[in-house]
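Residue-level listing of the chains:
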Amino acid sequence: MAVGIWVLNDQLDLLQAALGSCRPKDARVVLVEAEATLRQKPHVQKQILFWSAQRHFVEELRLQGWTVDLLEADGHGEALSTWQKDYNITELRVMEPADRPIRQAIERLSTKFGWTAELNWIANNHFLWSAAEFREWAGSKKQLRMEFFYREGRRRFDVLMEGDEPLGGRWNFDQENRKSPPRGLKGPEPIWFVPDRITTAVIGKLEKLQSLHDLPGNRHPFNWGTNRDAALQVLENFIKTRLAGFGPYQDAMVSEQPTLWHTLISPYINLGLLRPLEVIKTIERRGLEQDVPLASLEGVIRQLLGWREFTYGLYHHFGADYTANNALEARAPVPQFLQELGGSGMGCVDTVLGELKASGYAHHIQRLMVLTNLGLLAGIEPQSLTAWFKAHFIDAHDWVMQTNVVGMGLWADGGRLGSKPYAASGRYIKKMSNYCKTCRFDPTKRSGDDACPFTVLYWDFLARHAERFRTHPRMALMIRQLERIDPGELQAIRATAAGFEWAKPGQPQCS
Ligand code: SF4
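Thresholds, definitions, all that
Residues numbered from 1 in each chain as written. Predicted model: local features only at pLDDT ≥ 70, side-chain atom pairs only at ≥ 80, totals over all residues. Heavy atoms only, no water. Salt bridge = Lys/Arg side-chain N within 4 Å of Asp/Glu carboxyl O. Buried < 20%, exposed > 50% of the residue type's maximum accessible area, 1.4 Å probe, protein only. Helix = DSSP H or I, 4+ residues; strand = E, 2+ residues; numbered from the N terminus. Axes fitted to C-alpha atoms, helices over the stretch in contact; angles between N-to-C directions. Parallel < 35°, antiparallel > 145°, perpendicular 65-115°, else oblique. Contact = heavy atoms within 4.5 Å. Nonpolar A, V, L, I, M, F, W, Y, C, P; charged D, E, K, R; others polar. Lys, Arg positive; Asp, Glu negative; His and termini not counted. Polar contact = N/O pair within 3.5 Å; in protein donor to acceptor, adjacent residues only side chain to side chain. Core = buried A, V, L, I, M, F, W, Y, C linked by side-chain atoms within 4.5 Å.

K.L.:
Talk me through the pattern of salt bridges; I want residue IDs and the actual numbers.
P.N.:
Inspection of every chain in the model, using the stated rule, returns 39 salt bridges. Across the pair Glu96 and Arg103 runs a salt bridge whose closest N-O atoms are separated by 2.9 Å. The partly exposed category is assigned to Glu96, whose relative accessible area is 24%. Between Arg285 and Glu289 there is a salt bridge whose closest N-O contact spans 3.5 Å. Highlighted residues: Arg285 and Glu289, both in helix α10 (residues 276-289), separated by four residues, approximately one helical turn. Looking at Arg285, the relative accessible area reads 46%, which means it is partly exposed. Through salt bridges with shared partners, one network takes in Glu147, Arg151, Arg154, Asp174, Arg178, Asp251, Glu298 and Arg302.

In structure tokens form, the structure reads like this:
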């Protein structure tokens, strides 16, 4: 009888629950570096991070006295089957994956490859709210709103509270945190890392495989941290140099400034290199010691204790059927310029894609108000766009992207997550960025050759879905604005929209 523990590649935490269920002398640990994952064409920087972080974690485990095997294989199934036989593993403990399809895939592999070990799922401890706790909170509520979930989280984990009241007397500082960027806005320098011997070896391996798999994105320079020590340095750098300024410009977008005051910790926390409560409590304590403006401190706590946990909770609460949602009947394929990470001709889109190509990263407003806004307006099919996001973003996992893209970005769930679609014209992008200054399109124009595609498609989107949104409490005003447009001009707008070959959403049947 021997116990094996399989550590999945986003569970790289010495305190994760499956490791916590055994002492080092009582189990053998395995991790798998599977080339099969390359067939999904992940961004090369994401693949370097995942493999390098995993190899670093193997070394960390060995230092802690664990016996560890790293299997370099084509796929997981056969490699794990051989490993179980070689070491007579009779029980295989795995911490419950955050992504639903992973558990299903593991169960299929167990059957298909006739694993000798019995699978034993250990509850995931990488989130503050378990799926069951979230379900209990959701109860029979008709509408699940992040704001109320977040307030409950503040109380439950005693974060920024004074007794039962929010610190400073307010829960929400969003209004203070939406400033347009002034000319020359520059954020603090982020902390980056030079690849060490492990990362260099991974890059070397991928360079050999690149010709086979042709992964998207730039291999060089690779500057992400790849272990817990580096992740803690990123957190420390954020607290020292970015936390105080986090709030005001968190919705701003500036060319040549891809990170501004953003935390840059999401890749690490999503791999298990940082723990959510330690991050939240450290930011709270140090922010209060440093007398950081409450709007900034609350803004970042909201992202972690609010949005991150809410996204995970909803993903499991909504269940597997959620992926079938397509309320707006969007059918357009992912445009070639997204696949190629550039070449759209739109200043905003090409800037964000260029940054994404270089690092696998774009901040949350670039994702929401440029990329998924484009997907919403152009009617891109929800699961195709979700798959694109999952492959290209360094911090992307299924649990993050299903609700963020399908729900928040594309409103494909018909409002289960967000009360209204985040549809915005070029005017919003002009207000919140400097992208339009060098773009060949005019954000104020809605028809003709130099009309901004966002502006054209925004009105075309409203026209396509006017019936659905005419009585919607938060969309009716926009439909009334649409109906004030002269019919001749509306025809010109729709003709311009029809000229965008990459935006062919199909006609909705809804009424
Ligand atoms: Fe983007 Fe339109 Fe501005 Fe060009 S004009 S950068 S396409 S919003």
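K.L.:
Tell me about the packing of helix α18 (residues 453-464) against helix α20 (residues 476-483), residues and numbers included.
P.N.:
For the pair α18 and α20, interaxial distance at closest approach is 10 Å and the crossing angle is 105°. Relative to α20, the element α18 lies roughly perpendicular. Taking contact as the criterion, the partners of Tyr458, Trp459, Leu462 and Ala463 in α18 are, on α20, Met478, Ile479, Gln481 and Leu482. Here the contact of α18 with α20 is built from residues that sort into seven nonpolar, one polar and no charged.

K.L.:
Got a sec to walk through the side chain of Lys46? Specific residues and values, please.
P.N.:
Its place among the elements puts Lys46 in helix α2 (residues 44-63). We note that Lys46 is buried and unpaired, the nearest opposite charge coming from Asp395 at a distance of 7.0 Å. Looking at Lys46, its side chain comes within polar contact range of the main-chain oxygen of Phe393, at 3.4 Å.

K.L.:
Before we move on, could you go through the nonpolar core and cite the residues and values that matter?
P.N.:
One finds Ile283, Trp388 and Phe454 to be the most contacted residues of the largest nonpolar core, which totals 148 residues. If you tally residues by element for this core, the top one is helix α11 (residues 294-318), at ten residues. When residues no more than four places from it in sequence are discounted, the contact partners of Trp388 are Val334, Leu338, Gln339, Leu341, Leu353, Leu356, Leu371 and Phe393. Formed by 18 residues, the second largest nonpolar core is a distinct cluster that contains Leu8, Leu71, Ala73 and Val94.

K.L.:
Summarise unusual backbone geometry; cite the residues concerned and give the values.
P.N.:
Along the chain, His220 connects to Pro221 via a cis peptide bond; the corresponding omega equals -10°. Topologically, Pro221 is positioned in the loop between α7 (197-213) and α8 (228-241). One non-glycine residue with positive phi stands out, namely Asn88, at about 50°.

K.L.:
Describe in detail helix α3 (residues 76-86), supporting the description with residues and values.
P.N.:
Because an α-helix packs 3.6 residues into every turn, residues spaced three or four apart end up facing the same way. Turning to α3, its buried residues number three or more, namely Gly77, Ala79, Leu80, Ser81, Trp83 and Gln84. Next to the buried residues of α3 lie β1 (3-6), β2 (27-34), β3 (67-73), β4 (91-95) and α4 (100-112). Looking one or two places after α3, you find Asn88, whose phi comes out positive at around 50°.

Coordinates in, geometry out; function isn't part of it.
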